[in-house]
Amino acid sequence: MFDWLFRYANPARFMGLTTTLLPWLSGAAVLALAAGLYLGFSAPPDYQQGRTVLILFIHVPAAIMSTMVYGCIVVASLFSLVNRHILADVAARTAAPLGAIFTLLALATGSLWGRPMWGVWWVWGDARLTSTLVQFFLYLGYIALWGAIEDETRAARICAVLALVGAVNIPIIKYSVEWWATLHQGESIMSGKLAGVFLTPWLVMMLFYVLLFVCLWLVRIRTMILERRIRSLMQGAS
Amino acid sequence: MTPFLALLSRDLRLSVREGGGAALALVFFALVATLVPLGVGSDLALLAKVGSGVLWVGAALAALLSLDRLFQADYEDGSLDLIALSPLSLEGTAAAKILAHWLSIGLPLTLFSPILSVFFGLSAPTVMALTLSLAIGTPAVSAVGAILASLTLSVRRGGLILPLLVLPLLVPVVIFGAGMAVEVQTGLANGAPRFLLAFSLGATLLSPFITAMAVRLNLAG
Amino acid sequence: MITSLTAEKLAVQRGSRRLAENLGFTVKAGQALALEGANGSGKTSLLRLIAGFLPAAAGRVTLTDDGREISDPEERGRFVGWLGHHDALKASFTVSEQLAFFGKLYNAPSAGSIAGDASGASPVTTGEEKRMALLDQAHLLEQIGLARQAELPCRYLSAGQRRRLALARLLLTQRPLWLLDEPFAALDVAGKGLVARLIALHCGQGGMVIAATHEELGLGNEVLRL
């Protein structure tokens, strides 16, 4: 089933494939950003939230990417453990800082967006925001663990287990935070209704985020593969 | 005496002879319970409100203290190799160590908590709920901690990043654990006990398998 | 009764470094194999591979027990008596406590021949078993030359004494396949003589020994150079 994947997972083929793909992907990303911003600014301001609803175009996609990137790490981790493929190791490791940045962006914009509504910079009662904060710590822990283990192959397996343990825990964490928010605050504060006129710009921005992540991810994987090659050349290995 | 009991009793003895037993954890627990009022003020009404939460956090932190050596000590002196080759499976080894950690750290913390709750002026029913929640939740702390301890057993100074790794995963335990005390304080049933019990059971049942997997990964080094 | 250990086209890999390639050898019951090579050549890794800790990067290792072929590394480990670089001794435990722990951990049979002793009586009750175990451990310590140090905490043992205790533990666990990493290290002439005698005895009883060492095992053994 995954034969096609393994064919391109050979590092040499991977480098070749991405060399061709990257210019197109980055071009598409720039287009998506331009289109998304244009559509977003040309839509009528929401009567309730004003231009701050635009933060919606930056915050919500970032929050979704935060979870999606972790999902990518989990998939890469599975391949890492089961197939012991070096590309899976590199993919998981390089995605993490990107995911952490998306998470931080989501937190910052969530706070910025929330302030006009809440009057304060942070509200614990927002279950999603609080869960995102815990997710941020999970990313930091994952990145820290990669750096702490010297043997790269061992680090890959161990971090893969960590990612999977985190993956199992995340739904539980999200549920417990929601439960806790309802307990202490009544109803959850943020509502997520999107008027139709905002749906298209939002989808385009979401596309931009995904393309941005893929481009950055591929670049980072290529960089890491090159670094490993240089290192093995210096070591004198064949 | 079965291999499981042999390892359990050895770990318990080691904890007392070389680890200072529960003393460090209990003192740390007491210090947290002391520092918080010093930090937030002596208003007993406020302290009563935050008390169960603070004590739960304090217990979780205190339980983390000896966690990094759970597997690392045996790994470094070669004992882990010998234990792995014994008739006791790695899953059994993990279970023995989790139980030893809970008996030597988690249980003492639980039994000590009623005394510390005096610092926060908690009512008797709240104290009972808190103690019960610790009794149910601290095994989960040992279980989840063991997974991370086994993953980091080859990391020198792994004790520094261990809290970073363990604490986010303990969010549900702290939430539901403190939630049990809140249930009594507000008089409204909120379902916390069964969630805590479910998490604890799940964690203690699954942890030996994941921990064993992590030990295998590290022994291959 | 294990009869042979065979390695076929074995590749030893540690992390991303290939240490040895295409190794093949057979050790039969009663034989010893010496592993020789420079530091870092993979002797310890090969021992760990045979013990079942390290997965083989290529090829396989098969242990034959009573005609049954065992290739599962963890199952193979149940036949291994391990003597590694580290002594695995806890500073606060006394010599006899350490032995007692490992005896219980390994379900070491209490009666039976240890170090050439022939005592075939099987104990009837657990109390009897315990007494036999204690007697045997005391006997073992005597044979190893640590009888006087029985109640001494391990932190006070010299390097040579620690090694002897590790040897006693090896004898106690009564495993047929001995994997020894530098067994002569830290021992004086008498100690080295003891090790050589124990290895010879073990092989004489039908056991197998694979040792990473620079010194002569003195058994007309095979040598594998890494």
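Each value, and the rule that gives it
Residues numbered from 1 in each chain as written. Chains lettered and ligands numbered in written order. Predicted model: local features only at pLDDT ≥ 70, side-chain atom pairs only at ≥ 80, totals over all residues. Helix = DSSP H or I, 4+ residues; strand = E, 2+ residues; numbered from the N terminus. Rg over C-alpha atoms; globule rule 2.2 N^0.38 Å. Buried ≥ 20, exposed ≤ 12 C-beta atoms within 10 Å, placed from the backbone. Contact = placed C-beta atoms within 7 Å. Core = buried A, V, L, I, M, F, W, Y, C linked by C-beta atoms within 7 Å. Domains from an automatic or database assignment. Pairing = 2+ DSSP bridges. Axes fitted to C-alpha atoms, helices over the stretch in contact; angles between N-to-C directions. Nonpolar A, V, L, I, M, F, W, Y, C, P; charged D, E, K, R; others polar. Left-handed = near helix turned anticlockwise from the far one by under 90°. Expected span 1.5 Å × (residues − 1). Bend = angle between axes of the 7 residues up to and from the residue. Parallel < 35°, antiparallel > 145°, perpendicular 65-115°, else oblique. pLDDT = per-residue confidence, 0-100.

1. Let's talk about the overall build of chain B
Alright, step 1. Helix and strand counts for chain B stand at 10 helices and zero strands.
Alright, step 2. What you see in chain B, going N to C, is helices and strands ordered as α-α-α-α-α-α-α-α-α-α.
Alright, step 3. Its C-alpha atoms give chain B a radius of gyration of 18 Å, within 12% of the compact-globule value 17 Å for 221 residues.
Alright, step 4. Taken along the three principal axes of its C-alpha coordinates, chain B extends 55 × 30 × 30 Å.
Alright, step 5. By residue count, 57% of the 221 residues in chain B fall in the buried class.
Alright, step 6. For chain B, the proportion of contacts with a sequence separation of at least 24, taken over those separated by at least 6, is 82%.

2. Notes on the overall build of chain C
Alright, step 1. If you tally the helices and strands in chain C, you get six helices and nine strands.
Alright, step 2. The buried share of chain C, reckoned over its 226 residues, is 45%.
Alright, step 3. Long-range contacts, defined as pairs at least 24 residues apart, comprise 70% of the intrachain contacts of chain C with a sequence gap of at least 6.

3. Details of the nonpolar core
In summary, soluble globular proteins display a tendency toward joint burial of nonpolar side chains.
Alright, step 1. Ranked by size, the top nonpolar core spans 207 residues in total, and within it Ile158(A), Cys159(A), Val144(B), Leu170(B), Ala168(C), Leu179(C) and Ile210(C) carry the most contacts.
Alright, step 2. Lining this core are residues from two domains, each supplying at least three of them: domain 1 (1-79 + 176-226) and domain 2 (93-173) of chain C.
Alright, step 3. Every residue in contact with Cys159(A), bar those within four places of it in the chain, is listed here: Ala92(A), Tyr142(A), Leu145(A) and Trp146(A).

4. Re the sheet that holds strand E8 (residues 208-212) of chain C
Residues and elements named next belong to chain C.
Alright, step 1. With parallel pairing, five strands are arranged side by side in an open sheet as E6-E7-E8-E3-E9. Two strands lie at the open edges of the sheet, namely strand E6 (80-83) and strand E9 (222-225), each paired on one side alone. Direction aside, neighbouring strands of the sheet carry axes that sit 15° apart on average.
Alright, step 2. Where E6 and strand E7 (residues 177-181) come together, four bridges link them in parallel fashion.

5. Thoughts on the interface of chain B and chain A
Alright, step 1. With 22 residues of chain B in contact, the opposing surface of chain A contributes 23 residues.
Alright, step 2. Contributing elements (two or more residues each) for the side of chain B that touches chain A: helix H7 (124-151), helix H8 (162-169), helix H9 (171-186) and helix H10 (192-219) of chain B.
Alright, step 3. Tallied by class, the residues present in the side of chain B that touches chain A amount to 17 nonpolar, five polar and no charged.

6. Quick word on the pairing of strand E2 (residues 17-28) of chain C
All names here are of chain C.
Alright, step 1. Here strand E1 (residues 2-14) pairs with E2 via eight bridges, running antiparallel. When the bridges of E2 are listed, Ser 4 appears paired with Lys 28.
Alright, step 2. Here E1 folds back onto E2, and the loop between the two strands holds two residues, one of which, Gly 15, carries a positive phi near 65°.

7. A few points about the packing of H7(B) against H8(B)
Residue and element names in this part refer to chain B.
Alright, step 1. Contact geometry of H7 with H8 gives a least axis separation of 10 Å together with a crossing angle of 145°. As H7 packs across H8, the resulting crossing turns out to be right-handed. Residue-level contacts link Val 144, Gly 145, Leu 148 and Ala 149 of H7 to Leu 162, Leu 165, Val 166 and Leu 169 of H8.
Alright, step 2. Residues belonging to the contact of H7 with H8 are distributed by class as follows: seven nonpolar, one polar and no charged.

8. Topic: the interface of chain B and chain C
Alright, step 1. Listed as interface residues are 21 residues of chain B and, on the opposing side, 22 residues of chain C.
Alright, step 2. Of all the secondary-structure elements, those providing two or more residues to the side of chain B that touches chain C are helix H1 (3-17) and helix H5 (79-85) of chain B.
Alright, step 3. Of the residues contributing to the side of chain B that touches chain C, the split by class is 13 nonpolar, three polar and five charged.

9. Examining the environment of Ile210(C)
Residues and elements named next belong to chain C.
Alright, step 1. Secondary-structure assignment places Ile 210 in strand E8.
Alright, step 2. The buried category is assigned to Ile 210, around which 27 C-beta atoms lie within 10 Å.
Alright, step 3. Along the backbone, Ile 210 and Leu 179 are 31 residues apart, and their C-alpha atoms lie at a distance of 5.0 Å.
Alright, step 4. Ignoring any residue separated from it by four or fewer positions in sequence, one finds Ile 210 in contact with Val 27, Leu 33, Leu 35, Leu 47, Ile 50 and Leu 179.

10. As for the environment of Leu145(A)
Alright, step 1. Among the structural elements, Leu145(A) can be located in helix H5 (residues 127-148).
Alright, step 2. Separated by 14 residues in the primary sequence, Leu145(A) and Cys159(A) place their C-alpha atoms 6.8 Å from one another.

11. Observations concerning helix H2 (residues 11-42) of chain A
Residue and element names in this part refer to chain A.
Alright, step 1. Taking 1.5 Å per residue, 32 residues should reach 46 Å; H2 reaches 44 Å between its end C-alpha atoms and fits that length.
Alright, step 2. Bending of H2 peaks at approximately 40° at the position of Leu 21, with proline Pro 23 no more than four residues after it.
Alright, step 3. If you check which residues of H2 are buried, you get Ala 29, Ala 32, Gly 36 and Gly 40.

12. Thoughts on the sheet that holds strand E5 (residues 68-70) of chain C
Residue and element names in this part refer to chain C.
Alright, step 1. If you trace the four strands from one edge of the open sheet to the other, you get E2-E1-E4-E5, paired in antiparallel fashion. With one partner strand each, in any of the chains shown, E2 and E5 form the two edges of the open sheet. Adjacent strand axes in the sheet meet at a mean angle of 20° when their direction is disregarded.

13. Examining the domain arrangement of chain C
All names here are of chain C.
Alright, step 1. When its domains are assigned, chain C resolves into domain 1 (1-79 + 176-226) and domain 2 (93-173).
Alright, step 2. For the side of domain 1 that touches domain 2, the element with the highest residue contribution is helix H6 (residues 189-204), accounting for four residues.
Alright, step 3. For the side of domain 1 that touches domain 2, a count of residues per class yields six nonpolar, one polar and one charged.

14. Considering helix H1 (residues 43-51) of chain C
Residues three or four positions apart in an α-helix share a direction because the helix packs 3.6 residues into each turn.
Alright, step 1. Of all nine residues in H1(C), nine are buried; the element is thus mostly enclosed.
Alright, step 2. Turning to H1(C), its buried residues are Lys43(C), Thr44(C), Ser45(C), Leu46(C), Leu47(C), Arg48(C), Leu49(C), Ile50(C) and Ala51(C).

15. As for the packing of helix H3 (residues 95-105) of chain C against helix H5 (residues 159-173) of chain C
Residues and elements named next belong to chain C.
Alright, step 1. The N-to-C vectors of H3 and H5 enclose an angle of 30°; their axes lie 10 Å apart at closest approach. Taken together, the axes of H3 and H5 lie roughly parallel to each other. Helix-helix and strand crossings are classified by hand; for H3 and H5 the assignment is right-handed. Within the contact between the two elements, H3 uses Val 95, Gln 98, Leu 99, Phe 102 and Gly 103 and H5 uses Leu 165, Ala 168, Arg 169, Leu 172 and Thr 173.
Alright, step 2. Counted by class, the contact of H3 with H5 contains six nonpolar, three polar and one charged residues.

16. With respect to the pairing of E8(C)
When a strand is regular, its side chains alternate between the sheet's two faces.
Residue and element names in this part refer to chain C.
Alright, step 1. The buried fraction of E8 amounts to five of the five residues, a majority that puts the element mostly inside the structure.
Alright, step 2. Burial along E8 is two-sided: Met 208, Ile 210 and Ala 212 facing one way and Val 209 and Ala 211 facing the other are all buried.
Alright, step 3. Relative to E8, strand E3 (residues 32-36) runs parallel, the two being bridged by four bridges. The residue bridging Leu 33 from the neighbouring strand is Ile 210, located in E8.
Alright, step 4. Two strands pair when backbone bridges link them, and E7 and E8 are joined in this way by five bridges, in the parallel orientation. By the bridge assignment, Leu 180 is partnered in E8 with Ala 211.

17. Structural notes on the confidence of the model for chain C
Residue and element names in this part refer to chain C.
Alright, step 1. Model confidence for chain C is summarised by a mean pLDDT of 84, while 87% of its residues fall at 70 or above.
Alright, step 2. Helix H4 (residues 126-144) is the least confidently modelled element of chain C, averaging 73 in pLDDT, while E6 averages 95, the highest of any element.
Alright, step 3. Counted against residues more than four places away or in other chains, residues 111-125, with its pLDDT under 50, gives 21 contacts.
Alright, step 4. Scored as a complex, the prediction yields pTM 0.89 and ipTM 0.90.

18. What to know about the environment of Thr18(A)
Residue and element names in this part refer to chain A.
Alright, step 1. Secondary-structure assignment places Thr 18 in helix H2.
Alright, step 2. Look at Thr 18 and you get partly exposed, because 18 C-beta atoms sit within 10 Å.
Alright, step 3. Sequence-distant contacts of Thr 18, that is, excluding residues within four places in its chain, are made with Leu 218 and Arg 222.

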